[in-house]
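# Coordinate analysis (summary)
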Amino acid sequence: MTSNKTIVNSWNEWDPLKHIIVGRADGTMVQAPEPAAERDWPEHGFPLGTYGLLPEEMEVRANEQLDNFVKILESRGVRVDRPTPVDFSQPVQTPDWKQGSMFGCMPPRDLLLTVGNEMIEATMSYRSRWFEYLCYRPLLEQYFKDDPNFRWEAAPKPRLSDRTYKKDWNIKFNALSKEEQEQTARDEDFITTEVEPCFDAADIGRAGKDLFIYRTATTNRAGVDWLTRHFSNHRIHMVRFLEPAGSHIDASLTLLRPGLALSSYERVPLEPRMKELFKKNDWEIVDCAEPSADGYAPLSFCSRWLSMNTLMLDEKTVCVDAKEVKQMEQLDSLGFEVIPVPFSDVNAFGGGLHCATADVYREGSCQDYFPKQIQGY
Ligand code: NVA
């Protein structure tokens with residue numbers, strides 16, 4: 001039975017899941033070009049500079065898989081809410097810029113960060129995603145009415161003017177060799193400048209008192225700083241991985257349960273101290289299994305590492321994309337009950353099972369899973 005009483009509360013990625021938001025594929029766009037995102041998919045009808053709706057037959061299939069995922073969650077006693085899409089094909093603007101289209105609302109994880117009884121609407125760092133919070137407002141308004149303890153927050157909306165982006169960064173990046181591109185990750189040379197705080201909620205991994213924030217193209221150091229000041233009762237760990245132009249922690253580091261995390265074996269952590277912290281606290285970081293795909297799926301900007309983009313229902317139960325057979329086998333051998341969820345048709349709409357969800361309520365409280373800290377980390 002799902003509970004009707006609304007409680008906003010979630011401290012980590014693994015406590016028993018009771019209430020969640022699952023995105024929708026409706027009206028998702030190959031978004032119009034902007035400084036932070038330029039799509040160039042000539043072989044699939046979207047050469048550089050063009051934009052438009054993702055094909056209708058793809059959208060239908062994605063929504064079927066999302067609806068099926070909702071049924072699976074509900075059959076496990078999880079209450080599920082859905083966002084309200086807006087017309088993403090409309091141009092949008094602020095006094096600083098005009099943008100040819102919005103994006104979509106399949107991945108609520110990108111936008112909503114739940115820490116305890118607080119949900120923060122992230123700044124986002126793409127112009128096409130600046131107004132995406134509107135899709136979640138009907139839900140957040142309702143939670144605010146229903147749960148007197150819910151703390152509803154929005155991070156300062158960034159201006160995203162031309163000062164927020166490095167000029168011609170994409171042109172320079174695209175001309176680099178693979179090795180040179182990797183060096184940009186080591187050098188933290190991403191498209192965003194440090195003019196104002198920017199972060200996507202999906203760049204944050206939650207483990208009770210400790211929050212792991214992935215420094216990426218979507219989360220700049222000012223964004224890490226804003227989160228550090230905001231969550232002053234938490235320990236904030238800025239982490240980096242070898243992922244050029246990277247974004248979103250949940251395809252590089254997946255926190256599975258106390259003491260166990262998965263990491264993408266190609267995206268090595270760039271801070272040895274991160275490994276040290278995990279080791280000192282008896283956490284094991286296991287290399288994830290070989291993903292099923294070789295590269296990017298058609299019209300998808302998400303990598304094959306979506307294989308590790310899993311959703312925990314509790315410490316022992318994990319939802320995994322049904323095509324990721326090796327990943328399921330590995331998690332099975334690590335002692336989990338694995339729920340296969342067909343999801344590959346959703347990937348082009350903005351991610352995997354973790355991306356497609358945002359926690360509202362997991363039973364549990366704020367615990368310290370890393371009591372032995374490392375000086376200066
Ligand atoms: N941008 C990353 C994370 C996706 C969830 C990737 O494509 O692997």
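Turning our attention to the side chain of His248. Considering the arrangement of structural elements, one finds His248 in the loop between β12 (235–239) and β13 (253–257). With residues up to four places along the chain from it excluded, the contact list for His248 reads Asp110, Arg129, Asp200, Ala202, Asp203, Tyr214, Thr216 and Thr218.

Take the packing of aromatic side chains next. One pass over the structure, following the stated rule, counts 17 aromatic pairs. Measuring from ring centre to ring centre gives 6.1 Å for Trp97 and Trp130, while their planes differ by 80°; the resulting arrangement is edge-to-face. Of this pair, Trp97 sits in the loop between β5 (92–93) and β6 (98–99) while Trp130 sits in the loop between β8 (118–121) and α2 (137–146); the two residues are 33 residues apart in sequence, bridging distant segments of the chain. When its relative accessible area of 4% is taken as the criterion, Trp97 is described as buried. Taking the centre distance of 4.8 Å and the plane angle of 15° together, the rings of Trp283 and Phe370 count as stacked. Of this pair, Trp283 sits in the loop between α6 (272–280) and β15 (284–287) while Phe370 is found in the segment after β19 (357–362), placing the two residues 87 residues apart along the sequence. This pair shows no difference in class: Trp283 is buried, exactly as Phe370 is. Looking at Lys157, its charged tip hangs above the ring of Trp130, at a distance of 4.5 Å from the centre. Lying across the ring of Trp305, Arg304 places its NZ or CZ 4.8 Å from the centre.

Parameters and conventions
Residues numbered from 1 in each chain as written. Predicted model: local features only at pLDDT ≥ 70, side-chain atom pairs only at ≥ 80, totals over all residues. Heavy atoms only, no water. Helix = DSSP H or I, 4+ residues; strand = E, 2+ residues; numbered from the N terminus. Contact = heavy atoms within 4.5 Å. Phe/Tyr/Trp six-rings, centres within 6.5 Å; stacked < 30°, edge-to-face > 60°. Buried < 20%, exposed > 50% of the residue type's maximum accessible area, 1.4 Å probe, protein only. Lys NZ or Arg CZ within 6 Å of the ring centre and 35° of its normal.

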